[in-house]
Amino acid sequence: MDFESWKTVCRYEQQPDLPVLDEVDVLVVGGGAAGVAAATVAGEAGKSVLLIEKYGFCGGAAVAGMSGTICGMYLAREKHPDGPEQVVFGFTERFRAELRRRGGLTEAQAYGKTFTVTHDPLMWREAADQFLLEAGVNLYLHTAVTGVIMDGDHFRGVVIESNAGRSVVLAKRIIDASGDAAVIARAGHRYFYGDNGRIQNPTMFFRVGGVDIDTYLDYYGDNTICPPKVTAAIDEARETGEYSLPRNKIWMFPTTRPGELMVNATRLAGQDGRVLNVIDPADFTEAEIGGRLQVRDYTRFLNNFMPGCESAYVVDTGVEVGIRQTRTIVGVEMLTNEDVVSCRKRDNGICRVPWPIELHNGEKPKLHWLLDDYYEVPYGALLPEIGENIIVAGRCLSSEHEALASARVTAQCFEYGHAAATAAVHSLNTGMPMRDIEGTAIRAMMRDNGSAL
């Protein structure tokens, strides 16, 4: 269909003179874990793919937010006599292996009753670049989606904006991997925020250098979740009135770099105590500024109370605060809290999740462990209730509040992207709408492509 025809059938009347910058088989919006996986898998299947990313690099919450770990690969157990047991593979394993090959990934580190790995954010970016370029993906960095082009309920493309101005990208299939359901929301389709508007707190992650790691580990131990004595030390520091330390249960991870720790310690709320929602730029700004202030206070705490950290200094904070939750789509299926705690398996499951419910809503994070088991996320959780040619990947999948606190982590986001791309490619090859494809078929294709299902 030529451009003039598009203008007559789509919601495009307000801006009829915008140029069409590109026409592709698959458009991926957002370059986080889900977006990189989706674009790579679709490109490797021979489709023309464009990935749009608002920053100058890929990585999303893992890199811009500096969450810094690939969580969700390993089973949780009371004891691990044989070490960690990995149960999530597919694209997750491909990316993990590439980071490891580059020297950008630690060995598995204890995290409560499970394990995680810490990555180098620069090498994450470079690994993503390599995957995308080798798959033939076209990439527009420093570009944001500002509108959608619709033909009834059919998504036909998006309006994008960069320093070059506004233009249009037309696409046969769109994967919304923005994390915030940006495409779905701009179409006016339904979404919600957490538990009646209450969402998880954002966090400003940071890294400190100058650490005597051996001394630190002798005191802190080899579990990345802090021991009770560290919580007690935070409470003691608070009592002096000289520190702002709103969270007393913190997590610290040795990185691949000598003398460096990644710290997950801050808890960001509004000055009036309200939950900050970073979709609102005023809340986003408050979180960023407040987060940097807390980073300095937590670093002073480390200097004065944590053995091995006496000379520690801030290396960097995230480019943005770590975002755990914003919009959640209303989907064809919903992942429920009961699905998670009962470790429900499904014929249409497209991803295993062994990660605990890790809910950040107050001073102390809530952890509900899934011991020796996992649940599966249904394919329908990636499909909005209405809308053709669109599928989501990442933390905006259809999910209840506490369920999302488990399902949102990096290993799973890679596999959501894998699933979304598999569906988009199959839809293009067969002409079948993505919502008409059986989840069992997507599951089988992902299994053939290396996923453990």
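Throughout this description, residue numbers start from 1 for each chain and increase along the sequence as written. It should be noted that, the model being predicted, local features are given only for residues of pLDDT at least 70 and side-chain atom pairs only at 80 or more, the latter also being counted only at that level, while totals for whole chains, interfaces and linings use all residues. Excluded from the side-chain calculation are hydrogens and water; included are all heavy atoms of the structure.

1. Remarks on the pattern of salt bridges
Argument step 1. Here, a salt bridge means any side-chain nitrogen of Lys or Arg that lies within 4 Å of a carboxyl oxygen of Asp or Glu. Counting across every chain of the model gives 32 salt bridges.
Argument step 2. The residue Glu 85 makes a salt bridge to Arg 77 at a minimum N-O spacing of 2.7 Å.
Argument step 3. Burial status follows relative accessibility: with a 1.4 Å probe on protein chains alone, a residue under 20% of its type maximum counts as buried, one over 50% as exposed, and anything between as partly exposed. Under the relative-accessibility criterion, Glu 85 is labelled partly exposed at 33%.
Argument step 4. Since its relative accessible area comes to 23%, Arg 77 is described here as partly exposed.
Argument step 5. Connected via shared salt-bridge partners are Glu 98, Arg 101, Arg 102 and Glu 126.

2. Here we look at unusual backbone geometry
Most peptide bonds are trans, and most residues other than glycine sit at a negative phi.
Argument step 1. Phi at Ala 181 takes a positive value of approximately 55°, unusual for a residue other than glycine.
Argument step 2. Runs of H or I in DSSP of at least four residues are treated as helices and runs of E of at least two as strands, each being numbered from the N terminus. As for its position among the elements, Ala 181 is in the loop between strand E9 (165-176) and helix H6 (182-186).
Argument step 3. Its relative accessible area of 0% is what places Ala 181 among the buried residues.
Argument step 4. Phi is positive for Asn 196, close to 55°, though the residue is something other than glycine.
Argument step 5. Given a relative accessible area of 79%, Asn 196 falls into the exposed group.

3. A word on the packing of helix H2 (residues 33-44) against helix H4 (residues 90-101)
Argument step 1. At a minimum axis distance of 11 Å, the contact between H2 and H4 shows a crossing angle of 100°. Judged by the inter-axis angle, H2 sits roughly perpendicular to H4. On H4, the residues touching Val 36, Ala 37, Thr 40, Val 41 and Glu 44 of H2 are Phe 91, Arg 94 and Phe 95.
Argument step 2. Tallied by class, the residues present in the contact of H2 with H4 amount to 5 nonpolar, 1 polar and 2 charged. Angular values range over 0 to 180 degrees, each being the angle between N-to-C directions of two axes fitted as lines to C-alpha atoms, with helices fitted over their stretch in contact. Under this scheme an angle from 65 to 115 degrees is roughly perpendicular, one under 35 degrees roughly parallel, and one over 145 degrees roughly antiparallel; angles in between are oblique. We call two residues in contact whenever any of their non-hydrogen atoms come within 4.5 Å of each other. Polar here means any residue outside two lists: the nonpolar Ala, Val, Leu, Ile, Met, Phe, Trp, Tyr, Cys and Pro, and the charged Asp, Glu, Lys and Arg; Gly therefore counts as polar.

4. Structural notes on the side chain of Gln 294
Argument step 1. With respect to the secondary-structure elements, Gln 294 resides in helix H9 (residues 281-305).
Argument step 2. Overall, Gln 294 belongs to the buried group, its relative accessible area being 10%.
Argument step 3. Apart from the residues within four sequence positions on either side, Gln 294 is in contact with Ser 244, Pro 246, Thr 266, Arg 267 and Leu 268.

5. Considering the pairing of strand E1 (residues 20-29)
Argument step 1. With 7 of 10 residues buried, E1 lies mostly within the body of the structure.
Argument step 2. Alignment of E1 against E9, held across 8 bridges, turns out to be parallel. In the strand pairing of E9, Val 26 is matched with Arg 173.
Argument step 3. Pairing between E1 and strand E2 (residues 49-52): 4 bridges, direction parallel. Across the sheet, residue Val 26 finds its bridge partner in E2, namely Val 49. Paired strands, in this sense, are two strands between which DSSP finds at least two bridges.

6. Section: the nonpolar core
Across soluble globular proteins, nonpolar side chains have a tendency to be buried as a group.
Argument step 1. Core analysis: the largest hydrophobic core is formed by 105 residues, its most contacted members being Leu 27, Phe 95, Trp 124, Val 158, Ile 175, Ile 350 and Tyr 416.
Argument step 2. No other element matches the 10 residues that helix H12 (residues 410-430) contributes to this core.
Argument step 3. With near-sequence residues (within four places) excluded, Trp 124 lies in contact with Gly 32, Ala 33, Val 36, Cys 58, Gly 59, Ala 62, Val 63, Phe 95, Leu 99, His 119 and Phe 414.
Argument step 4. To form a nonpolar core, buried Ala, Val, Leu, Ile, Met, Phe, Trp, Tyr and Cys residues must be joined to one another through side-chain atoms within 4.5 Å. One finds Tyr 220, Val 230, Phe 301 and Ile 323 within the second-largest nonpolar core, a separate group that totals 33 residues.

7. Description of the sheet that holds strand E13 (residues 261-264)
Strand pairs in the sheet, formed through backbone hydrogen bonds, run parallel or antiparallel to each other.
Argument step 1. Strand order in the open sheet formed by 4 strands is E12-E13-E11-E14, and the pairing between neighbours is antiparallel. The sheet is open, and its two borders are formed by strand E12 (251-254) and strand E14 (313-317), each paired with just one other strand. Direction aside, neighbouring strands of the sheet carry axes that sit 30° apart on average.
Argument step 2. Pairing analysis gives 3 bridges linking strand E11 (residues 206-209) to E13, with the strands arranged antiparallel.

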